[in-house]
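Each chain is listed here by its residues.
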Amino acid sequence: MKRLLKGGVVVIGNGTAKQDVLIENGIIAEVGPDLPEEDAEVTNVSGKLIFPGFIDGHTHFDLAVAGTVTADDFETGTKAAIAGGTTMIIDFASQDKGDTLANGLKHWHEMADGKCSCDYSFHMSITDWNEDVRREVKDMVDAGITSFKLYMTYPAMMVDDGAMYEIIKELKKYDCFAGVHCENADIINAKIREAKAAGDNKPSTHPKVRPDTMEAEAVHRLMVIAGEAKAPVMVVHTTCEKSFREIQRAREQGQTVYSETCPQYLLMDDSRYEGTFEEGSKYIIAPPLRKKADQEVLWKALADEEIQTIATDHCSFSKAQKALGKDDFTKIPGGMPGVETRGTLIYTYGVGKGRISLEQMCRLLSENPAKLYGVYPRKGVIRQGSDADIVVLDPCKEDVITVSKQHYNMDYAPFEGTKLKGVIEQVYL
Ligand code: MN
């Protein structure tokens, strides 16, 4: 079957132009001005922006954590993803300590296979490093894994500095890199003990025990380790100026460092933790929301192309699940939904506010993750031969984010009431 998207403005990473797009059997057959209609089903998209499908390189669906399981599994999570223009998600398959990478990958395939409404892949989280696991890295690469994940915090996940050094050095042999969650676990734990001893136990305590300094310290340490290993690395969910400066310094030394941020760090600040438990607990994520000044630094870094991707870290818990931490703020499951709202938020508050260009939005949401995670040019671009993963966005239509319109298995929306200018009208997979 042929379909012709006629009269739209096609956005790709290096340019924007009025072009028609011909799709045949799920593949882009031709892109160009005034393509003949012939035997194709014609969809008029004049006045609309046509993006390559968005790729979210950071989601957690069906994740068991903090004695519960995320509200969204691969079924509801990917339904929400595709409704928001995300045609591919990359989740995290995780090794259990003492177990193999292969079993971790198998487990995540069991949770995802046959349930997803969009394309999907996994980063492989290495949580336990030894010579057997070192040998398994090649098996993972052979199985299609192109990137890995490491944690500097969370006891169930974290590896020590020596393992971190050996792992990123090993990954480089396969042209792979790891995304790393950077926070100083020991000092955060000490600050949690201090806070509890002082009876400080509300959601508003969360950002105090996980300050930006302890993120930046871990980023600095990672930069030094990666420098010694002479290997590239990515800082996932970069939240603040202090961390970003550490990344810049490492780049000045000639290191290859990638950086990811998320809409919540660009558009929300730590005042969200004030107020009632129910309200504050919605925003318990790690690293926490920061200050308005940090948002401005991150936006400028996006405009200067010093941050490469915007992902979501989608990790959703219902209000009842958040209430598991009613009497102990450290037991509030950490994470918030986001996979559905990334595209329209970044369009409205990035492109719409003149902070980034249309082409930069395309690179941040599509092209760069496609390149970094090994699916370009099959994905991340609208060109002949690429997958017909396409987002049709009406730049004139307005909307307001509200929980009842969303496709998550969720009873709240972190961005409830946020106005949008730019609505996703059609998504092709
Ligand atoms: Mn995450």
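The structure reproduced in this document is the subject of the present report. All figures in this text were calculated on a predicted structure; none of them were measured in a lab. (Residues numbered from 1 in each chain as written. Predicted model: local features only at pLDDT ≥ 70, side-chain atom pairs only at ≥ 80, totals over all residues. Heavy atoms only, no water.)

## Regarding the sheet that holds strand 9 (residues 86–94)
Strand-to-strand pairing in sheets goes through backbone hydrogen bonds, with the strands running parallel or antiparallel.
Phase 1: Pairing within the open sheet is parallel, and its 8 strands lie in the order 6-9-10-11-12-13-14-15. Strands at the two margins of the open sheet, each flanked by one partner only, are strand 6 (54–56) and strand 15 (309–310).
Phase 2: Pairing of strand 6 with strand 9 involves 3 bridges; the strand directions are parallel. When the sheet's bridge partners are listed, F54 is paired in strand 9 with T86.
Phase 3: In the packing of helix 13 (residues 342–351) onto the sheet, contacts are made with strand 6, strand 9 and strand 15, and the angle to strand 6 comes to roughly 115°. (Pairing = 2+ DSSP bridges. Helix = DSSP H or I, 4+ residues; strand = E, 2+ residues; numbered from the N terminus. Contact = heavy atoms within 4.5 Å. Axes fitted to C-alpha atoms, helices over the stretch in contact; angles between N-to-C directions.)

## What to know about the nonpolar core
Phase 1: Membership of the largest hydrophobic core comes to 103 residues, with the highest contact counts inside it found for F51, F148, L150, V180, L222 and M361.
Phase 2: In terms of residue count, helix 7 (residues 212–229) provides more of this core than any other element does, 8 residues in total.
Phase 3: Filtering out sequence-adjacent residues up to four positions away, L222 remains in contact with M152, M164, V180, C182, V233, M234 and V235.
Phase 4: Core analysis: the next-biggest nonpolar cluster, separate from the first, contains 14 residues, I12, V21, I50 and Y428 among them. (Core = buried A, V, L, I, M, F, W, Y, C linked by side-chain atoms within 4.5 Å. Buried < 20%, exposed > 50% of the residue type's maximum accessible area, 1.4 Å probe, protein only.)

## Quick look at the pattern of salt bridges
Phase 1: Applying the stated criterion to the full structure yields 36 salt bridges.
Phase 2: The residue D119 makes a salt bridge to K379 at a minimum N-O spacing of 2.7 Å. Of this pair, D119 sits in strand 10 (residues 119–125) while K379 sits in the loop between helix 14 (358–372) and strand 16 (390–400), and the two are 260 residues apart along the sequence.
Phase 3: With a shortest N-O distance of 2.8 Å, E215 and R290 are connected by a salt bridge. With E215 in helix 7 and R290 in the loop between helix 10 (277–281) and helix 11 (292–303), this residue pair connects regions lying 75 residues apart in the sequence. By the burial criterion, E215 is buried, and R290 matches it.
Phase 4: If you follow the salt bridges from partner to partner, you end up with D119, R378, K379, D387 and D389 in one network. (Salt bridge = Lys/Arg side-chain N within 4 Å of Asp/Glu carboxyl O.)

## Notes on the packing of aromatic side chains
Phase 1: For the structure shown, the criterion picks out 7 aromatic pairs.
Phase 2: For the pair F61 and F74, a centre-to-centre distance of 5.5 Å together with 80° between the ring planes defines the contact as edge-to-face. In this pair, F61 is assigned in the loop between strand 6 and strand 7 (64–65) and F74 in helix 1 (residues 74–83), connecting sequence segments 13 residues apart. Of the two residues, F61 and F74, both sit in the buried class.
Phase 3: On the numbers, 5.0 Å between centres and 50° between planes, the contact of F177 with Y258 is tilted. With F177 in strand 12 (residues 177–181) and Y258 in strand 14 (residues 257–261), this pair connects stretches of sequence that are 81 residues apart.
Phase 4: Classification of F177 as buried rests on a relative accessible area of 6%.
Phase 5: What makes Y258 partly exposed here is its relative accessible area of 22%. (Phe/Tyr/Trp six-rings, centres within 6.5 Å; stacked < 30°, edge-to-face > 60°.)

## Concerning the coordination of the manganese ion
Phase 1: Here the manganese ion is held by the protein donor atoms H58 (NE2), H60 (NE2) and D313 (OD), which lie 2.1 to 2.2 Å from it.
Phase 2: Between the donor residues of the manganese ion, the gaps in sequence give the motif H-x1-H-x252-D. Here H58, found in the loop between strand 6 and strand 7, pairs with D313, found in the loop between strand 15 and helix 12 (319–322); they are 255 residues apart in sequence, far enough to count as distant. The same class applies to H58 and to D313, which are both buried. (Donors = N, O, S within 2.8 Å, 3.2 Å for Na, K, Ca; no water.)

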